[in-house]
Amino acid sequence: NPLLLLNHNSHNHRHLLPVPAGVRVPPRRVVVTGGAGFVGSHLVDKLLSRGDDVIVIDNFFTGRKENLVHHFGNPRFELIRHDVVEPILLEVDRIYHLACPASPVHYKYNPIKTIKTNVMGTLNMLGLAKRIGARFLLTSTSEVYGDPLEHPQKETYWGNVNPIGVRSCYDEGKRTAETLTMDYHRGADVEVRIARIFNTYGPRMCIDDGRVVSNFVAQAIRKQPLTVYGDGKQTRSFQYVADLVDGLMALMESEHVGPFNLGNPGEFTMLELAEVVKVTIDPSATIEFKENTADDPHMRKPDITKAKELLHWEPKISLREGLPLMVSDFQKRVLEE
Ligand code: NAD
Ligand code: UDP
Ligand code: UDP
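Here's a quick rundown of the structure. (Residues numbered from 1 in each chain as written. Chains lettered and ligands numbered in written order. Predicted model: local features only at pLDDT ≥ 70, side-chain atom pairs only at ≥ 80, totals over all residues.)

### Details of the overall build of the chain
- Helices and strands together make up the secondary structure of the chain, namely 10 helices and 13 strands.
- What you see for the chain is a C-alpha radius of gyration of 20 Å, in line with the 20 Å of a compact globule of 337 residues.
- Overall, the chain is about 65 × 40 × 40 Å in size when its C-alpha atoms are taken along their principal axes.
- In the chain, which comprises 337 residues, the share counted as buried stands at 44%.
- Long-range contacts, defined here as pairs at least 24 residues apart, represent 79% of the contacts in the chain between residues at least 6 apart. (Helix = DSSP H or I, 4+ residues; strand = E, 2+ residues; numbered from the N terminus. Rg over C-alpha atoms; globule rule 2.2 N^0.38 Å. Buried ≥ 20, exposed ≤ 12 C-beta atoms within 10 Å, placed from the backbone. Contact = placed C-beta atoms within 7 Å.)

### Some points on helix α8 (residues 270–281)
- Its 12 residues place the ends of α8 16 Å apart at the C-alpha level, agreeing with the 16 Å of an ideal helix rising 1.5 Å per residue.
- Listed in full, the buried residues belonging to α8 are M270, L273, A274, V277 and I281. Looking down the long axis of α8, one finds its buried residues gathered within 100° of arc, a one-sided arrangement.
- Buried residues along α8 sit in contact with α6 (212–221), β8 (226–229), β12 (267–269), β13 (287–290) and α10 (319–336). (Expected span 1.5 Å × (residues − 1). Arc of directions from axis to C-beta.)

### Focus: the sheet that holds strand β1 (residues 29–33)
- The 7 strands are arranged β3-β2-β1-β4-β5-β6-β11 in an open sheet whose pairing can be described as parallel. The sheet terminates laterally at β3 (77–81) and β11 (260–262), the two strands that pair on one side only. Taken over all neighbouring pairs, the strand axes of this sheet differ in orientation by 20° on average, direction set aside.
- Where helix α4 (residues 111–132) meets the sheet, its contacts fall on β1, β4 (94–97) and β5 (135–141), and the angle it forms with β4 comes to roughly 170°. (Pairing = 2+ DSSP bridges. Axes fitted to C-alpha atoms, helices over the stretch in contact; angles between N-to-C directions.)

### Thoughts on unusual backbone geometry
- Residues H151 and P152 are joined by a peptide bond in cis, for which omega reads -10°.
- As for its placement among the helices and strands, P152 is situated in the loop between β5 and α5 (168–188).
- In this structure, the amide linkage connecting G258 to the following residue, P259, adopts the cis form with an omega of 5°.
- In this fold, P259 is placed in the loop between α7 (241–253) and β11.
- One non-glycine residue, D189, lies in the positive phi region at around 60°.
- Within the secondary structure, D189 sits in the loop between α5 and β6 (192–197).
- Look at D189 and you get exposed, because 10 C-beta atoms sit within 10 Å.
- One non-glycine residue, H312, lies in the positive phi region at around 55°.
- Along the chain, the position of H312 falls in the loop between α9 (305–311) and α10.
- For H312, a count of 9 C-beta atoms within 10 Å corresponds to the exposed category.

### As for the site of ligand 1
- What surrounds ligand 1 is a group of 30 residues, the closest being G34, G37, V39, T62 and G63.
- Broken down by secondary-structure element, the contributors of at least two residues to the shell around ligand 1 are α2 (38–49), β2 (53–58), α4 and β5.
- With 3 residues, the single largest contributor to the shell around ligand 1 is α2.
- Here the residues of the shell around ligand 1 are counted per class, giving 14 nonpolar, 14 polar and 2 charged. (Near = placed C-beta within 6 Å. Nonpolar A, V, L, I, M, F, W, Y, C, P; charged D, E, K, R; others polar.)

Printed below as a string of structure tokens:
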């Protein structure tokens, strides 16, 4: 069928072509809120590379134009400076809702703004999805499990979260965002997807966002001691950003609402992480112990059975393979300081 061939080869004509019955057309118009941030910008790269039209909405609180500058001039890409706490009118097929500061340093900087972003921002994006019939994906977090009493964490676990603590603007905010998402699904028939993301690292993380991977990598490059909080025996599971992007896109295009844990089940203590960073960057790096922060979860590790079975997704890149992939990006940016 010559029409089909044209459909494959030409971006310019694709909107004009009739769609043969039974053929599923990939989505073309996508919004990524928070697309100038760490995860969002990698997602935008992948969506554009598969041929989607992408609109990024970002208020540049923690995001940077540098993360997207390689797409400026691409007519299929658009960047809008906008705060999701305010309503917006757009016409799209898919909404990836990422806008929200993610590192403790950033989300505690202005906790009222963080909870407004989670509640009002998510409400606005769900209102938008409802009005235009778009599919909506929420990037929730493993923090909804709080300081978990179940290990590893399955999606069925309801969590152990302090509602009045310094992290609550973020974890209770995301829990409310999940509630809103399910209520728009049940009450307004919005097609929704929920991802619960576990600690993710990679190029374009904010250097000084206080997260453990960015801290250790930047410290090792700057020849400073690696700061281990508490006794360093608390655990986290670290996922490389490309694996997460694959998981988010698989979830969006799947038939399943979720929630789905998206994370790498490889579990490390902070002392073990420090060892991997030393081996990767500088074996002579030293460790300095510091007091831990309030409400710090003792352990965290995703059970990803559900995502494996229903999304046929699992992470492919181990910590030892992934860390070197962010080092050159960090070295370049530390040198520019
Ligand atoms: P990030 O801080 O790099 O990106 C967040 C982006 O949202 C930034 O570009 C920021 O400017 C933008 N933003 C914040 N508030 C906004 C607002 N009110 N209006 C418009 N834009 C706003 O963080 P990230 O690591 O890329 O995280 C992306 C999403 O993934 C977040 O929702 C976060 O909660 C979630 N998540 C991330 C991780 C992780 O380890 N990186 C883990 C769990 C969940
Ligand atoms: N909204 C938006 N863009 C739209 C549609 C809605 O930003 O295209 C916002 C709207 O301003 C409202 C929120 O989404 O604050 C929820 O919308 P909904 O229609 O569900 O609720 P209502 O407006 O009836 O309160
Ligand atoms: N952490 C650390 N040194 C640092 C920064 C963080 O030991 O320089 C610890 C922190 O106490 C926590 C873990 O690393 O136990 C993960 O912290 P991060 O802020 O990266 O993520 P989250 O707490 O949100 O999982």
